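For reference, the chains in residue letters:
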Amino acid sequence: MKISIENIPAGSEPEIIIKCNEPDESLLQLIYSIKSSSKKLIGFTDLQMHIINPKDVFYFESVDNKVFIYCEQKIFQARLKLYEIESEYENSDFFRASKSTIINISKIESVSPVFYGKFEALLQNGEKIFISRQYVPVFKKKLGL
Amino acid sequence: MKFISYFKNSLKDFFISSGFLMILITMISEIYSKETIRTSLLFQIMLFSLAYVFIKLAFMNKNEMSKKVQLIIFNVFLTLSEVMILLWLLFFSPGKTMNIELILVYIFALIIVKASVYTMMSINGEKEAKLINEKLIKYKNGND
């Protein structure tokens, strides 16, 4: 893909023009990531509110009807439901790994088979998360397999 | 989830499935104008309920447990559910065509099939994981 950057007059708003015939999936994903680059997540710890960059999130987990945001070391509580997070970020690096978790692909170090079609994802912070059998196709589709 | 909660849930499942089968049998007996339910039917209900509970326990997500423990629990409960079905075949199957020798042949065949399925799945899993890991590296490089 050819990328051209043109200088614009000072003070004018930056503009991105994409020239293509038929936008394919990778291009659509690129457009989505440009659009959602400014989208931030809000997480809570006790009485504090934090603004979190989705790129820093390792995974989301739902425990007892509460959704938690797991970053490298910190854990925040989210106000959104897991299905809302799934639909909000399904076009980015996130995918549903089980009924209760959504994982950021870019934070997966490697995967290993467990049994009966299940996989275990080793994250960059050393945590291990299971990928349920029924969500393995979602993961594979995301990777283009 | 701790052991006690697994036990509680399993007990609940056992009573639910027993109740469901009991209602079903009562309805069928009513349709065929049978006024009594044989004791053996109650034992059959218990066997099927136990088989259901064991299958559910085998396939339940136990993500908080280690890989090895999950594998052991999966195999133990799946085998127990199969044992329940075999017991039904041995004691209650229609016409009682089953005998001990046939049961042993069934168990042997079951073990062979299970071992081969497990080996095949494990080989496939390794292959798939290798492919996914390669794609994962490409995906991450593409995103950088």
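It should be emphasised that the depicted structure is a prediction, and the values quoted were computed from it without experimental measurement.

**Some thoughts on the overall build of chain B**
Okay, step 1: Each helix and strand in chain B was counted, giving 4 helices and 0 strands.
Okay, step 2: Counted from the first residue to the last, chain B has its helices and strands arranged as α-α-α-α.
Okay, step 3: Of the contacts made within chain B by residues no fewer than 6 positions apart, 63% connect residues no fewer than 24 positions apart.

**So, the overall build of chain A**
Okay, step 1: Of the regular secondary structure elements, chain A holds 3 helices and 10 strands.
Okay, step 2: In chain A, the succession of helices and strands from N to C terminus is α-β-β-β-β-β-α-β-β-β-β-β-α.
Okay, step 3: Within chain A, the proportion of its 145 residues that are buried is 26%.
Okay, step 4: Counting only contacts in chain A whose residues sit at least 6 apart along the sequence, the fraction spanning at least 24 positions is 36%.

**Quick word on the packing of helix α1 (residues 3–31) of chain B against helix α2 (residues 39–59) of chain B**
All names here are of chain B.
Okay, step 1: At a minimum axis separation of 9 Å, α1 and α2 run at an interaxial angle of 140°. When the axes of α1 and α2 are compared, the pair comes out oblique. Here the hand of the crossing between α1 and α2 comes out right-handed. Across the interface between the two elements, S10, D13, F14, S17, S18, L21, M22 and I25 of α1 pack against L41, I45, M46, F48, S49, L50, Y52, V53, K56 and L57 of α2.
Okay, step 2: Of the residues assigned to the contact of α1 with α2, the class counts are 12 nonpolar, 4 polar and 2 charged.

**Some thoughts on the packing of α2(B) against helix α3 (residues 67–91) of chain B**
Residue and element names in this part refer to chain B.
Okay, step 1: Remark: α2 packs on α3, axes separated minimally by 8 Å, with the N-to-C direction vectors making an angle of 160°. Considering their axes alone, α2 and α3 lie roughly antiparallel with respect to each other. Read as a crossing pair, α2 and α3 show a hand that is left-handed. Facing α2, whose interface residues are Q44, L47, L50, A51, F54, I55, L57 and A58, α3 presents F74, F77, L78, L80, S81, M84, I85, L87 and W88.
Okay, step 2: The residue inventory of the contact of α2 with α3, partitioned by class, reads 15 nonpolar, 2 polar and no charged.

**Remarks on the interface of chain B and chain A**
Okay, step 1: The interface of chain B with chain A comprises 19 residues on the first partner and 19 residues on the second.
Okay, step 2: Counting only elements with at least two residues in the side of chain B that touches chain A, the list comes to α3 and α4 (100–143) of chain B.
Okay, step 3: The dominant element in the side of chain B that touches chain A, judged by the number of residues it contributes, is α4(B), at 13 residues.
Okay, step 4: Grouping the constituent residues of the side of chain B that touches chain A by class yields 8 nonpolar, 6 polar and 5 charged.

**Re the pairing of strand β2 (residues 48–52) of chain A**
Two faces, one strand: in a regular strand the side chains alternate between the faces of the sheet.
Okay, step 1: Of all 5 residues making up β2(A), only 0 are buried, and the element is barely covered by its neighbours.
Okay, step 2: Between strand β1 (residues 41–45) of chain A and β2(A), which follow one another and run antiparallel, lie 2 residues, and A:D46 among them has a positive phi close to 50°.

**Focus on unusual backbone geometry**
All names here are of chain A.
Okay, step 1: For D64, which is not glycine, the phi torsion reads 50° and is therefore positive.
Okay, step 2: By secondary structure assignment, the location of D64 is in the loop between β3 (57–63) and β4 (66–71).
Okay, step 3: One non-glycine residue, N65, lies in the positive phi region at around 65°.
Okay, step 4: The topology assignment puts N65 in the loop between β3 and β4.

**Comments concerning the nonpolar core**
Okay, step 1: Within the largest apolar cluster, 29 residues are counted, with the highest numbers of intra-cluster contacts made by A:Y59, A:F60, A:A97, A:I102, A:I103 and A:A121.
Okay, step 2: Top contributing element to this core by residue count: β3(A), with 4 residues.
Okay, step 3: Residue contacts for A:A121: discarding those within four places in its chain leaves A:A97, A:I103, A:I108, A:V111, A:K128, A:I129 and A:I131.
Okay, step 4: Counting 6 residues, the second-largest nonpolar core is a separate cluster that includes B:L50, B:A51, B:F54 and B:L57.

Calculation criteria
Residue indices begin from 1 for each chain and proceed along its sequence in written order. Chain A is the first chain written and ligand 1 is the first ligand written, with later ones labelled in order. Only residues with pLDDT of at least 70 are given local features in this predicted model, and only at 80 or more are side-chain atom pairs given and counted; all residues enter the totals for whole chains, interfaces and linings. A helix here means a DSSP run of H or I that spans at least four residues, while a strand means a run of E at least two residues long, and both kinds are numbered starting from the N terminus. Note on contacts: each residue gets a C-beta atom placed from the backbone, and two residues are in contact if those atoms are within 7 Å. To sort residues by burial, count the other C-beta atoms lying within 10 Å of each one's C-beta; a count of 20 or more means buried, 12 or fewer means exposed, and anything in between means partly exposed. C-beta atoms are built from the backbone. Simply put, an axis is a line fit to the C-alpha atoms, just over the touching stretch for a helix, and the angle between two N-to-C directions goes from 0 to 180 degrees. Here the word oblique covers every angle except those under 35 degrees (roughly parallel), over 145 (roughly antiparallel) and from 65 to 115 (roughly perpendicular). Helix crossings fall into two classes, left-handed where the near helix is turned counterclockwise from the far one by less than a right angle and right-handed where it is turned clockwise. We call Asp, Glu, Lys and Arg charged. Ala, Val, Leu, Ile, Met, Phe, Trp, Tyr, Cys and Pro are nonpolar, and the rest, Gly among them, are polar. When DSSP finds two or more bridges between two strands, those strands count as paired. Here, a nonpolar core denotes buried Ala, Val, Leu, Ile, Met, Phe, Trp, Tyr and Cys residues that are linked to one another through C-beta atoms within 7 Å.

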